[in-house]
Amino acid sequence: MSSENTATAATPEAGDAVAAQTDAVTSDAAATPTTGAAAAPADGVGVSKAMIADIEEAMKDVVDPELGINVVDLGLVYGVHVDDENVATLDMTLTSAACPLTDVIEDQARQALTTGPGGGLVNDIRINWVWLPPWGPDKITDEGRDQLRSLGFNV
């Protein structure tokens, strides 16, 4: 089970594509029930696709090692896609492109999504590290802001 780390090229088109994909994922998540896995078998052998909302919820167990806040509430998860083999591709960013902790975050994400009762939500993950649009404090959720305030940050 290997993962692929790639970076999206720093072009306006790439940023537009990520923004469009994020909008699509957000609307998919809003229209998708929030419990269980999708019933459609991916390969005819009973493997089912995990639902976007379940993946996003499980990703709340992935904590930024420097800030101590989960990557969802920090606004670091830009998009989620699950393919027919039940492999999740996460479009994610970091607060800084120079962050040395990508391996830690990737390991936490793999643990959160591929282990657990019944083997986990997905069979494997890939993280597509993207830099456009750039992360900023505006991407932090209200829950994330509350958590940061409780740690003494002024957000």
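Calculation criteria
Residues numbered from 1 in each chain as written. Predicted model: local features only at pLDDT ≥ 70, side-chain atom pairs only at ≥ 80, totals over all residues. Heavy atoms only, no water. Helix = DSSP H or I, 4+ residues; strand = E, 2+ residues; numbered from the N terminus. Salt bridge = Lys/Arg side-chain N within 4 Å of Asp/Glu carboxyl O. Buried < 20%, exposed > 50% of the residue type's maximum accessible area, 1.4 Å probe, protein only.

Visitor: Provide a residue-level description of unusual backbone geometry, including the pertinent values.
Guide: Of note, the amide linkage connecting Leu 132 to Pro 133 takes the cis form, showing an omega dihedral of -5 degrees. Relative to the assigned elements, Pro 133 resides in the loop between strand S4 (124–129) and helix H4 (142–150). Here Asn 86, not a glycine, exhibits a phi torsion of approximately 65 degrees, which is positive. Within the fold, Asn 86 resides in the loop between strand S2 (77–82) and strand S3 (87–92).

Visitor: Explain the pattern of salt bridges to me, using residue names and the numbers behind them.
Guide: The final tally for this structure, using the stated rule, is five salt bridges. With its nearest N and O atoms 3.9 Å apart, the salt bridge here joins Lys 60 to Glu 57. Between Glu 106 and Arg 110 there is a salt bridge, and its shortest N-O distance comes to 3.8 Å. Here Glu 106 and its partner Arg 110 are both found in helix H3 (residues 102–114), four residues apart, which amounts to about one turn of the helix. Arg 110 matches Glu 106 in its accessibility class, with the two residues each being buried. Sharing partners across several salt bridges, the network here consists of Glu 106, Arg 110 and Asp 124.

By themselves, these are just geometric observations and shouldn't be taken as functional.
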